[in-house]
Amino acid sequence: MLPILLALTFFADPHLHGIVRDSVDGVALQGATVRVVGSRLGAITDAAGEFHLHDVVGDSVTLEVSMIGYAVKRQRVPTEGSIVVTVLLSRSDVETRPVDVTSAASSVNAFPTQPTRVMSAEEIDAQRAATLAATLERTPGVTSVTTGPGIAKPMIHGMTGTRLVMTNAGIAQEGQQWGQEHGPEIDPFVPARITILKGPAGVRLGPNAMGGAISIEPLPLSTQTASLRGEAGMNIFTNNGQGALGAWLETSRPLDTDVALRAQASLRKAATARTPNYTLGNTGFDAWSAGASMVVGNDTLGVTVHGTMFSTTLGIYDGAHMGNPTDLERAIARGAPETSAPFSYDVDPPRQEVAHRLLSVQGHWQLGDVGRLKMTYGWQQNDRSEFDAHNTRIVGRGDDPVERARDSVARLERALQTPAMNLLLTTYNGAVEMEQSWLGGMDGAVGVTGLRQVNDRAGSVYLVPDYEAYGVGLYAFESWSVDRWIFSGGLRVDRRWLTAWLKGRGDTTTTVDEREWGAISASMGMQWMILDSWNVLVNAGLSWRPPQVNELYANDVHHGAARYEVGDPELDRERALGIDVTSRHAVRGFEAEATLHLTHFDKYIQAVPDAENPTVTVRGTFPTYQFVQTDAVIVGVDLSSTLDLSDIISLYVNGSMVRGTDLGRNVPLFLMPADRLRVGAHLHLHDVLDIHDVHVDLSLLGVRTQDRYVVDEDYAPPPPGYVIADLSVGGRVSIAGRDARLSISIRNVLDRPYRDYLSQYRYFADDPGRDIILRFTIPFGDL
Amino acid sequence: MHAWHGRFFSRFIPVAVAVTLALAGCSETSTHPDDDDHDIVTTIRLDVTDTLGNAVRSWTWEDADGPGGAAPNRIDTIVLSTNAPYLCSVHVLNVLAEPDEDLTPVIVSEGIHHQFFYASTLTGIVVTYNDKDANGRPIGQRIRLSASEAGKGLFIIELSHFDDAANKNGVDPSDETDVRVEFPLHIQ
């Protein structure tokens, strides 16, 4: 995917006329969305690639041009002055970087007909939160499942964890996925572009991409022109006294070589979160990350190496640490923590220590007109330790009392450093792909992928075993643009092999269990530009996933959920057929997009209570949850719309509804997001004194109570609905000639107590209260 | 062959080799022990004497393979009479360790962080604490028990863990239950 080349011509009235073209072949692009950043003015390009924007205010504006299959392009353009038009035109041509070596790595946009949203680095910067999932939440249909302020898993259309794929630098992120307390180990400070794809993406990304995909692509590094530049950013969150620093530095063509390098680092430290009425003890966390990227070569032939390390220590709210279900019921009955903890940066057990190391090597080779060959190699290691709060009761061993006393101290020290559970997950990925473009608007690729994964378990918790897995996949996809239509289709076959070494608590022998699954993924889609201002996307996709190891072999108390989970080694693969229809409409002053989606699951895997067989343990009786398969369906709608009231004020609304049903039992599916709607007003003042692009954004988020749940299958009914207000003020200031970005956002302005159904702490504590977030970013080096 | 091949492999291959070498040092095996040193509770034993100290009997609740796996292998029925009060002590053991471990002394020595609680579905069962922690609050490892009415029901023993000793008030259990077992109880 090559960036869009933008050609603009100007008229004397405040009217902006432009054409969007492909940078390589110069073909005019139809259906690209053009927005004036900060003003809600926008247009879609017509069949000739042209767009018109009227009543553009200010002496210059930043345009953001996006189109499925292309990288988002932001460009600042002047809006008045007729004499300098020609000059500005040529300058804008020079400024476009026609060749970005790594932009070829885009891994999600293989289907030009699916609803995607690309978050540019600047947008990520403006939305950046403590977790990656929270950074994505403003996209309709995307929510997050949280376990306190430091842990969040993204959810798309009610599907999360193993029903989504996240790719990082071209390879699928592989961490522990089976618990709601397992967030993806990706630093929200990484300098990247994020693509959110809603809908099945199994053909391109293989098993698990059922609900959608989130692709994190490091910003392109170019070896075209020599430069040295970087950016530093700082975030402060007042609610939990959180501070975060991030910076990156890159150099292109050092010593006149075909090389570009980037180094990146970030640090984060947070104390206990505060709800409006009390403090949540032991919810502090810290994290650091470091990474480096290198590009050698050019657009024809080159290699990109990308490595990152991410490490975090996360406190688990001490009020959430339950011994047994009676404790949980007592905590629910009390309605609030027993004591409001002091504000503290200390992290005590229970806590998680997680490190993720990732390395990807991507090579590409343009073989003339034949096509483009791409090779990817990925290695990653996820090292997760969970420390229990109950490690201190230790008896010395030995015959002699002195020896016993010494042994007891030694064992206590060991026990405090030993996690109750340690899981080391190592994954290798390899892929070879051949991309071809033919005359007549046909584009496509064929590829083969391989995977090897090894999990090593240690400690006293028996939820996942040691295992080794292999996978291979073979795929092909093609798209065809003709007149006002784009058609796409793809097919993929996959096979997965699993060998698990099973050893229960107290077992002296290990049994070996081997499993194998295979399935076909397929997709078909079309985009139809019905009018210049209206286009429609229709997609159908078949995707699948193998059962996860915990669903097969779990046999222990899952303390995060206060239930005893029992796996079933005979589980079959889960399959899904997803269908979605998206309509986009944009005329002057009004823009709307709606997506209807339906996913039918064949053998949906879920844990259901086995009321007949509660598990009696020395800690009391736990409800037994058995992993079973059923047919299920998820339907929903995402909606977003903006309306300009005047040149400076616009109103917007976005929301989503999801309905999940277990068709076998004819009851609602567990943990579906509640209906939500955000309405807001956006004020764009252009220049105020020396601040550019000043904007004020005030919005209300309303979330309904989740009334679709099964009585008696959860410890408490879903929490009541809530409304919170968010406010954001920001702009750009020139500091020493640099264009620095500054914003202040206030989440939950009125400090309202509320609980979200997707928060794991909803049983016993409120969500965090008012949070004032200060964000500051400044570029440095060559511009 | 085409000259591009040479250039491509001269770049891709060294990088791939360097990466492979760098990763060869990374183990796929966890550095932590497979079965850790944490003590788990498998067995609760209730020793009962009369008020003169004469042994009456012991009753045991045991899940020898720990939580999960097989169901508890032994749950004795406690048989007592209405005649006289009893002195009882509760013992917490781990039979998965070799040899068996008695965790009771550790619980008593960390008495400010622990308390046993007792309950019964029968009326007329009266339990009074017979010990105190360093803060003067009951531990409940030693109790005095009397029964006034005959019947069959359950006797429930709970051990609460208090991370913060300040939260232990001697009356309310904590939210961190270490032990909760139910013995059938028969009062004659």
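Residues numbered from 1 in each chain as written. Chains lettered and ligands numbered in written order. Predicted model: local features only at pLDDT ≥ 70, side-chain atom pairs only at ≥ 80, totals over all residues. Heavy atoms only, no water.

### Observations concerning the overall build of chain A
Regarding its fold elements, chain A presents 7 helices and 42 strands. Looking at chain A residue by residue over its 783 residues, the buried ones come to 60%. Counting contacts in chain A only where the partners sit at least 6 residues apart, residues at least 24 apart contribute 67% of the total. Of the roughly 29300 Å² that chain A leaves accessible, carbon and sulfur atoms contribute 60%. (Helix = DSSP H or I, 4+ residues; strand = E, 2+ residues; numbered from the N terminus. Buried < 20%, exposed > 50% of the residue type's maximum accessible area, 1.4 Å probe, protein only. Contact = heavy atoms within 4.5 Å. Areas by Shrake-Rupley, 256 points an atom, 1.4 Å probe, with all protein chains shown as cover.)

### Regarding the overall build of chain B
On a plain count of helices and strands, chain B comes out with 2 helices and 11 strands. Overall, chain B shows an N-to-C arrangement of helices and strands of α-β-β-β-β-β-β-α-β-β-β-β-β. Looking at chain B as a whole, 44% of its 188 residues are labelled buried. Considering only residue pairs separated by 6 or more positions, chain B has 63% of its internal contacts joining residues 24 or more positions apart. When the accessible area of chain B is evaluated, it comes to approximately 8800 Å², of which 55% is carbon and sulfur surface.

### A few points about the sheet that holds strand S11 (residues 177-187) of chain B
Residues and elements named next belong to chain B. Strand order in the open sheet made by the 4 strands is S4-S11-S10-S7, with mixed pairing throughout. Both edges of this open sheet fall to strand S4 (78-80) and strand S7 (114-120), since each of them pairs with a single strand only. Averaged over all pairs of adjacent strands, the angle between strand axes in this sheet comes to 30°, irrespective of strand direction. Note: S7 against strand S10 (residues 151-161), 7 bridges, orientation antiparallel. The partner of Ser120 across the bridge, within S10, is Phe155. (Pairing = 2+ DSSP bridges. Axes fitted to C-alpha atoms, helices over the stretch in contact; angles between N-to-C directions.)

### Some points on the confidence of the model for chain B
All names here are of chain B. Per-residue confidence for chain B gives a mean pLDDT of 84; residues scoring 70 or more make up 84%. Taken as a whole, residues 1-6 scores under 50 in pLDDT and shows 4 contacts with residues more than four places along the chain or in a different chain. Among the prediction metrics, the complex's ipTM stands at 0.81, with pTM recorded as 0.83. (pLDDT = per-residue confidence, 0-100.)

### So, the pairing of strand S9 (residues 142-147) of chain B
Residue and element names in this part refer to chain B. Judged by which residues are buried, S9 turns out to be one-sided: Ile143, Leu145 and Ala147 face inward and are buried, whereas Arg142, Arg144 and Ser146, on the alternate face, are not. By the bridge criterion, 4 bridges tie strand S5 (residues 86-94) to S9 in an arrangement that is antiparallel. Each bridged residue has a counterpart across the sheet, and for Tyr86 the counterpart in S9 is Leu145.

### Brief notes about the environment of Ser479 of chain A
Residues and elements named next belong to chain A. Along the polypeptide, Ser479 turns up in strand S25 (residues 466-482). The exposure class assigned to Ser479 is buried, which follows from its relative accessible area of 9%. Sequence separation between Ser479 and Asn550 is 71 residues, and the spatial gap between their C-alpha atoms is 38 Å. Look past the residues within four positions of Ser479 in its chain and what remains in contact with it is Pro112, Gly441, Met442, Asp443, Phe487 and Ser488.

### A look at the nonpolar core
Most often, soluble globular proteins keep nonpolar side chains buried together rather than apart. Counting 30 residues, the largest nonpolar core has Ile44, Leu80, Phe155, Ile157 and Phe183 of chain B as its most contacted members. Where this core is concerned, the elements lending two or more residues are strand S1 (43-50), strand S2 (55-62), S4, S5, S7, S9, S10 and S11 of chain B. No other element matches S11 of chain B, which puts 5 residues into this core. Listed in part, the 24 residues of the second largest apolar core include Trp178, Leu423, Trp517 and Leu552 of chain A. (Core = buried A, V, L, I, M, F, W, Y, C linked by side-chain atoms within 4.5 Å.)

### A few points about the sheet that holds strand S13 (residues 171-172) of chain A
Residue and element names in this part refer to chain A. Pairing within the open sheet is mixed, and its 5 strands lie in the order S8-S14-S15-S12-S13. In this open sheet, the two edge strands, each paired with only one partner strand, are strand S8 (116-119) and S13. Of the strand pairs in this sheet, strand S12 (residues 164-168) and strand S15 (residues 212-218) are connected by 5 bridges, and their pairing is parallel. Note that in S15 the partner of Thr167 across the bridge is Ser215.

### Quick notes on unusual backbone geometry
All names here are of chain A. Looking along the chain, the bond that leaves Pro349 and enters Pro350 is cis, with omega of 0°. Looking at where Pro350 falls in the secondary structure, it is placed in the loop between helix H5 (325-334) and strand S21 (351-367). Positive phi outside glycine occurs at Asn282, with the angle close to 60°. The class of Asn282 is buried, set by a relative accessible area of 8%. Residue Ala736 is not a glycine yet carries a positive backbone phi of 50°. Relative to the helices and strands, Ala736 resides in the loop between strand S40 (722-735) and strand S41 (738-747). With relative accessibility at 78%, the residue Ala736 sits in the exposed group.

### What about the packing of aromatic side chains?
All names here are of chain A. One pass over the structure, following the stated rule, counts 13 aromatic pairs over all chains. Aromatic pair Tyr317 and Phe764: ring centres 6.2 Å apart, planes at 45°, arrangement tilted. Residue Tyr317 is found in the loop between strand S20 (301-315) and H5, and its partner Phe764 is found in the loop between S41 and strand S42 (771-781); the two are separated by 447 residues along the sequence. Residue classification places Tyr317 among the buried residues on the basis of a relative accessible area of 2%. Here Phe764 falls in the buried class, since its relative accessible area comes to 7%. Aromatic pair Tyr763 and Phe764: ring centres 6.0 Å apart, planes at 50°, arrangement tilted. Here a set of aromatic residues connected by ring pairs shows up, and it is made of Tyr317, Tyr715, Tyr761, Tyr763 and Phe764. A cation over an aromatic ring shows up here: Arg262 above the ring of Trp248, its NZ or CZ 5.5 Å from the ring centre. (Phe/Tyr/Trp six-rings, centres within 6.5 Å; stacked < 30°, edge-to-face > 60°. Lys NZ or Arg CZ within 6 Å of the ring centre and 35° of its normal.)

### Digging into a nonpolar patch on the surface
All names here are of chain A. Together, Val587, Phe590, Leu643, Leu645, Ile648, Ile649, Leu651, Leu685, Val688 and Leu689 make up an exposed nonpolar region whose accessible area comes to about 810 Å². If you list the elements that add at least two residues to the nonpolar patch, you get strand S36 (649-662) and strand S38 (676-688). For Ile649, a relative accessible area of 32% corresponds to the partly exposed category. (Patch = residues over 30% accessible without salt bridge, like charges linked within 9 Å, V, L, I, M, F, W, Y side chains within 5 Å. Salt bridge = Lys/Arg side-chain N within 4 Å of Asp/Glu carboxyl O.)

### Some points on the confidence of the model for chain A
Per-residue confidence for chain A averages 84 on the pLDDT scale, and 87% of its residues sit at or above 70. Low pLDDT (under 50) marks residues 1-13 of chain A, which in the prediction has 49 contacts with non-local residues, meaning those over four places away or in another chain.

### Here's the deal with the side chain of Asn535 of chain A
Residues and elements named next belong to chain A. Here Asn535 lies in strand S28 (residues 534-545). A distance of 3.4 Å separates a polar atom in the side chain of Asn535 from a polar atom in the side chain of Gln527. Excluding residues within four positions of it along the chain, Asn535 makes contact with Gly31, Gln527, Trp528, Met529, Ile530, Thr582, Ser583 and Arg584. (Polar contact = N/O pair within 3.5 Å; in protein donor to acceptor, adjacent residues only side chain to side chain.)

### Quick notes on the pattern of salt bridges
Residues and elements named next belong to chain A. Under the defined criterion, the tally for this structure stands at 47 salt bridges over all chains. We note a salt bridge from Lys198 to Asp638, for which the minimum N-O separation is 3.1 Å. Remark: Asp638 occurs in strand S35 (residues 624-644) and Lys198 occurs in strand S14 (residues 192-198); sequence separation between them is 440 residues. Exposure class is identical for Lys198 and Asp638. Each is buried.

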